[in-house]
Amino acid sequence: MQLTVDSVQGELAPPITISGKVFNTKGEPLSGANVNIKGTVIGAIVNNDGEFTLRVPDETVVLVISYQGYRPTEVRVRNNYNPSIVLETVSENLNEVVVLGYTSIAKRELTGAVSSLNPQMITRVQSNNLVQSLVGVPGLRVNGGASGVGDVRIRGNRSLLASNSPVIILDGMPYNESLNTIDQYDIASIDVLKDASATTLYGSKGSNGVIVITTKKALKGKTSITLDNYTGANIHVDGNLHPMNAEQYIQFKRDANQAVGIWNSPADDPKIFTAVELAGFGKVNNTAAQDYYNKLGFQTNSTLTIMNGGEKGSQKISLNFFDNKDRANTGYYNRYMLTTNIDQQVTKRLKVGVNGRLSYEFRQNSPGIGGNLLRYPPTVDFYDSTGQLITAPLGDPNMRNPLLDLNRDHNDSRSKAWVGLLKAYASYRFSDALTFSTNASLNAVFTWAGSYVDNQSATYSNALNKATIDNENKSFIAWNNVLNFKKHYGDHSIDATAVFELQNQQDFSSDMSGMDITLSQYKWYNIEASLQNQTISSNFLRTQMLSYVGRVQYGYKDRYLLSLTARSDGASQLAPGYKWQSFPAVGFAWRASDEQFMKTMRFIDDLKFRASYGVSGNNSIAAYATQGSLTTRYTIFGSTNGDIPYATNEPNQQPVPNLKWESTKSLNLGADFTLLHNRISGTFNYFISNTYDLLNRRKLPYTTGFNTVFDNIGKSRNRGYEIQLTGNVIEHRDLTLNVTMSFYHNKEELTELYDPRLTQDIANGWFVGYPVSDVTYDYTALGIWQTKEAAVAAIYGRTPGEIKIKDLNGDGKIDGNDRSIVGVERPTLQSSLIANLTWKHFDAAVDFYSEYGAIANDANTGSTFGGSIGRYNVSVIDYWTPTNPTNNAPQPRAGTSIAYLNTIGRHSNDYVRLRNATIGYTFSKGMLKGIEKLRIYGAVTNPWQYWSFLHEGGLSDRTIIANLGVNVSF
């Protein structure tokens, strides 16, 4: 590494002015790098050309050159010095700073299990939902897999009734809203805390993991304007899901009616088809469903960020707009965001700041006509000869034209949401070692939703129109005070943090509905005008929590690291005497690479072993759950004026005087390493967590007057491993290739139910030894009874063409004893592969994700196929007939239900999916005057997949998103 500075001849009297250039190993200037005189705050910022100029007291000073993501370098301003300073990148895994919420720490000093994402990883998939960025993080799963749409789970589910969602910390404060209210281009880093050493800092819900999000701030001495935009289209891909055309549907309906003796030849067609259908035979083939799905949806996202960093303060303002139009413009979603950040160094010791976030969302809900179009018989037209919609194309008033729902005068649904977050802080540095900060935040949310429908729509047949309106107002206030002490004493180091925090959450909601509204134009705006079934309801909830936190980390020679953490929480929703719970944790790390005996192993750059153990908790049950509740009933009393209803109250929920915290004990063993001069780096974690005192409901005798009561009963366990490997495969000035692979295995299981003697609760879907949810307990299908098996089928009361069920106990009959666990909808292994390639000004990236070990249910083969057979259209499916003795799907029989139909739609859910592929080009600096950086790119989401579900006969389609984007910096 080149670390010298240009020589100066002769004697120089102080002060002197020096200059130089700062580059990375590729020869690229590091604009924004800091050059400081060691031990002082005097410094300079490297400009866009990599140059700096600095006035120093004399030639004996030492310069410290630093830049995020690069190894800090010290340079003496004396003797032979060269103005070109080259900074080497540091290992992302071991040397980056990790934000824990109340404090931050270099990852090389971390004793816990943490996964981090930088801005490049966060924006690798273009999406308005930040959850997309988290797919592939080892130890984390999004319910919905590669789609990135669903609930986030860190190291599995552990609770039956309480929340399993992780805590979200935004810029140091709890954030209770959805991740899609945070713009991905506004984020500097995401840290996912997974083990007790890291999560115990957050006691409540800490057992579910913590997601710490840090937004971007201006760099000192730098003003920047950036624009990030992408625009694209949502493209439907049929896959193997196709609705039957008119010819196929006619044959399907004939087969279904022939099976029950209604149809025997075309002469019987009038028995099963309407006159309108018969008139269109050979002429009409309605393709409205295909036409609808072949239309495009469109989206665009723009983020404008202005940042300014001065000597004593910085400011940032960010504006974001996202617009998504549904297919055929049947609905749309708009989101506007404003983010501001002001930090000011008031004095040498006092720093204050204010952060503001405001988002507004509007959604015009799509009427969801796609499913109805797929089911509507293709044997009739939707329009008459004049181009007007036909209300009932079949002549059946109960089967209306699905396209009627596109008229929002008769079927309308909208929603709005305002989300605001205001944070203010003050930080006072008593000394270089001791800092105190106080932070307060208000998170306010207002949501509104209205809907209206009448019998001129496609799916609502009631003669009375109906309107509803819902309002909700939520506020979350948090205040914490943090005292931090950090100091080195020779070979010893201390990093201590003490926190006092309080939280208050309120939720007020109200809703109204009514029927027979006098004017349809009123919709939901005048429910008072409804003449029937007016209802009004409201609800109020409030919870509070008080917390004390202490954390001490001790280091010896930065080689042996010990952290001790304790948090004590008091939660209002738990029972008196049980509101408070303490959560301790201990972590240890050994940086083995610093040992003398490791110096001979030159291929090892860095090696650290970690171990942690601790307790975290979960109090996520409804407010007032322990106090019992009353419900309102109306009792009729007779009088001389007739029967009169009087409102009375009766017990609804029994009080729980001893409900306490749900707790999780966790052990984590891990290692972090870099090899071959940072060419290879990786992380390994093995974890096991045991959760006890589950927040659950216990059944009560009927004589008590209650069915169930909350209690701490049951246990669960999660155990598994995480592996992440990163390789800088090619490192050349013009060509680089970086590859990151991750693997995550977790075995989630209930280990004890509310009664230790029980191994299963079939009604609730709970089974000891299996995950806490998503377990499929049912019959097992062996195929379809064939003609040659008629005699055996008769033993079970079945005939050829029906589904053959496995007789588990061999007793010659199919009953509840033949059910078993046929699979779970939770994968046993997840993996991801992300590759980034650069060549000169070009860049390319691919993002693969896979899951193995779960099952998926095919609703198209199952419930949809079996619904009102012979009345609605279905997907093209290989069903059984005497001349087509398949084992894929049973014989359709008009007017009857198909026994065990849901058993044939289960398939393996193993898949490998290319989540995203991107190729971009960055123009040379100086090519466009006034523009610091200009990059254009094209990206496609979900372009390819291998899915065993499809290969086993499951029916599905998917959507591909193609985007064109630009990143501009001024």
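Residues numbered from 1 in each chain as written. Predicted model: local features only at pLDDT ≥ 70, side-chain atom pairs only at ≥ 80, totals over all residues. Heavy atoms only, no water.

### Description of the overall build of the protein chain
Using the following cut-off: Elements are defined by DSSP. Helices are runs of H or I of four residues or more, strands are runs of E of two residues or more, and each kind is numbered from the N terminus. Our radius of gyration looks at C-alpha atoms and nothing else; its globule reference is 2.2 Å times the residue count to the power 0.38. Here's how the labels work: a residue is buried when its accessible area is under 20% of the maximum for its type, exposed when over 50%, partly exposed in between, all with a 1.4 Å probe on protein chains only. We get accessible surface area from the Shrake-Rupley algorithm with a probe of 1.4 Å; when it comes to residues, only the shown protein chains can shield them. As used throughout, the charge tally considers Lys and Arg to be positive and Asp and Glu to be negative, leaving His and the chain termini uncounted. Every charge is mapped to an atom, namely NZ of Lys, CZ of Arg, CG of Asp or CD of Glu.
On a plain count of helices and strands, the protein chain comes out with twelve helices and 50 strands. Since a compact globule built from 970 residues should have a radius of gyration of about 30 Å, the 33 Å found for the protein chain is in line with a globular shape. Judged by the C-alpha coordinates and their principal axes, the protein chain covers about 115 × 70 × 65 Å. In the protein chain, which comprises 970 residues, the proportion classed as buried is 49%. For the protein chain, the accessible area works out to roughly 44,100 Å², and carbon and sulfur atoms hold 55% of it. In the protein chain, 89 side chains carry a positive charge and 87 a negative one; their mean positions are 5 Å apart.

### Overview of the sheet that holds strand E2 (residues 34–37)
The line we're drawing: At least two DSSP bridges between two strands are needed for those strands to be called paired. The axes used here are C-alpha line fits, helices contributing only the stretch in contact, and every angle between their N-to-C directions lies in the interval 0 to 180 degrees.
Taken in spatial order, the four strands make up an open sheet running E3-E2-E5-E6, and their pairing is antiparallel. Of all the strands in the sheet, the pair left with one neighbour each is strand E3 (43–45) and strand E6 (73–76). Strand after strand, the sheet turns through a mean of 20° between neighbouring axes, direction not considered. Where E2 and strand E5 (residues 62–66) come together, four bridges link them in antiparallel fashion. By the bridge assignment for E5, Asn 34 is matched with Ser 66.

### A closer look at a nonpolar patch on the surface
Note the following rule: Residues enter patches when they are more than 30% accessible in relative terms and free of salt bridges; like-charged ones are connected within 9 Å and nonpolar ones (Val, Leu, Ile, Met, Phe, Trp, Tyr) within 5 Å. By salt bridge we mean one thing: a side-chain nitrogen of Lys or Arg within 4 Å of a carboxyl oxygen of Asp or Glu.
Among the surface-exposed residues, Val 552, Leu 562, Leu 564, Val 586, Phe 588, Tyr 613, Leu 667, Leu 669, Phe 684, Tyr 686 and Tyr 721 lie close enough to one another that they form a single nonpolar patch of about 880 Å² accessible area. Going through the elements one at a time, strand E27 (560–571), strand E28 (580–590), strand E32 (662–675) and strand E33 (680–692) are the ones with two or more residues in the nonpolar patch. Positionally, Tyr 613 belongs in strand E29 (residues 604–618).

### Here we look at the packing of aromatic side chains
Keep this limit in mind: Note on aromatic pairs: the rings of Phe, Tyr and Trp (six-membered ring only in Trp) are paired at centre separations within 6.5 Å, and the planes decide the class, stacked below 30 degrees, edge-to-face beyond 60, tilted for the rest. We count a charge as sitting over a ring when the NZ of a lysine or the CZ of an arginine lies within 6 Å of the ring centre and within 35 degrees of the ring normal.
Following the criterion strictly, the structure yields 31 aromatic pairs and no others. With centroids separated by 6.0 Å and ring planes inclined at 15°, the aromatic side chains of Trp 839 and Phe 842 adopt a geometry described as stacked. Here a set of aromatic residues connected by ring pairs shows up, and it is made of Phe 321, Tyr 336, Tyr 360, Trp 418 and Phe 446. A cation sits over an aromatic face here: Arg 327 above Tyr 292, 5.9 Å from the ring centre. Lying over the aromatic face of Phe 710, Arg 697 brings its terminal NZ or CZ to 4.2 Å of the ring centre.

### Some remarks on the environment of Phe 273
Selection rule: Two residues form a contact once any of their heavy atoms are found within 4.5 Å.
Mapping Phe 273 onto the fold places it in the loop between helix H6 (269–272) and helix H7 (275–280). Owing to a relative accessible area of 4%, Phe 273 belongs among the buried residues under this scheme. Along the chain, Phe 273 and Ser 956 lie 683 residues apart, while their C-alpha atoms are 29 Å from each other. In contact with Phe 273, not counting residues within four places along its chain, are Tyr 249, Ile 250, Lys 253, Arg 254, Leu 278 and Phe 281.

### Quick notes on the confidence of the model for the protein chain
Condition: pLDDT runs from 0 to 100 and stands for how confident the predictor is about each residue.
With 94% of its residues at a pLDDT of at least 70, the protein chain reaches an overall mean of 89. In the model of the protein chain, helix H1 (residues 92–95) stands out as the element of lowest mean pLDDT, 51, in contrast to strand E45 (residues 842–852), which has the highest, 97. Per-residue pLDDT stays below 50 along residues 1–12; that stretch engages in 34 contacts with residues further than four places along the chain or on separate chains.

### Overview of the sheet that holds strand E15 (residues 187–193)
Spatial ordering of the open sheet is given by E10-E15-E16-E13-E14, a layout of five strands whose pairing is mixed. Taken across any chain shown, the strands that pair with only one partner, and hence form the sheet edges, are strand E10 (114–117) and strand E14 (173–174).

### Focus: the pairing of E2
Successive side chains on a regular strand alternate, one facing one side of the sheet and the next facing the other. Side chains of E2 alternate between two faces, with Val 35 and Ile 37 buried and Asn 34 and Asn 36 left unburied. In this sheet, E3 lies alongside E2 in antiparallel orientation, the contact comprising three bridges. Looking at E3, one finds that Asn 34 is bridged to Ile 45.

### Thoughts on the pattern of salt bridges
A complete count under the given rule lists 43 salt bridges for this structure. Close ionic contact of Lys 813 with Asp 815 constitutes a salt bridge, the shortest N to O distance being 3.9 Å. We classify Lys 813 as partly exposed; its relative accessible area is 46%. Because the salt bridges share partners, they merge into one network encompassing Arg 108, Arg 591, Asp 594 and Asp 606.

### Observations regarding the nonpolar core
What counts is decided by this rule: Throughout this description, the term nonpolar core refers to a set of buried Ala, Val, Leu, Ile, Met, Phe, Trp, Tyr and Cys residues connected via side-chain atoms within 4.5 Å. Residue ranges assigned to each domain were obtained from an automatic or database domain assignment.
Ranked by internal contacts, the top residues of the largest apolar core, which has 31 residues, are Leu 130, Leu 134, Leu 140, Leu 179, Ile 182, Ile 190 and Ile 213. When residues of this core are traced back to their parent elements, those giving at least two are helix H2 (119–122), helix H3 (131–134), strand E11 (140–142), strand E12 (152–154), strand E13 (167–170), E15, strand E16 (210–215) and strand E22 (411–429). Counting residues per element, this core draws most heavily on E15, which supplies three residues. Three or more residues apiece are contributed to this core by two domains, here domain 2 (97–219) and domain 3 (407–572). Apart from the residues lying within four places of it in its own chain, the contact partners of Ile 213 are Leu 130, Ile 168, Ile 169, Leu 170, Asp 171, Leu 179, Ile 182, Ile 187, Ser 189 and Ile 190. Phe 273, Ile 784, Val 874 and Trp 880 belong to the second-largest nonpolar core, a separate cluster that totals 24 residues.

### Here we look at the environment of Leu 574
With respect to the helices and strands, Leu 574 occurs in the loop between E27 and E28. For Leu 574, a relative accessible area of 0% corresponds to the buried category. Note: C-alpha distance between Leu 574 and Asp 734 (160 residues apart in sequence) is 61 Å.

### A word on helix H5 (residues 246–258)
Applied cut-off: The length a helix should cover is 1.5 Å for every residue beyond the first. Counted as a polar contact is a pair of N or O atoms within 3.5 Å, where, for protein atoms, one must be capable of donating a hydrogen and the other of accepting one, and residues adjacent in sequence contribute only when both atoms are in side chains.
Here H5 is 13 residues long and its end C-alpha atoms lie 18 Å apart, about the 18 Å a rise of 1.5 Å per residue gives. Buried residues of H5: Ala 246, Tyr 249, Ile 250, Phe 252, Lys 253, Arg 254, Asp 255, Ala 256 and Asn 257, and no others. Put simply, Asn 245 is the residue that caps the front of H5, since its side-chain oxygen is 3.2 Å from the backbone nitrogen of Glu 247.

### Observations regarding unusual backbone geometry
One non-glycine residue, His 677, lies in positive phi territory at about 55°. For Asp 693, which is not a glycine, the phi torsion comes out positive at approximately 55°. Relative to the elements of secondary structure, Asp 693 occurs in the loop between E33 and strand E34 (695–699).

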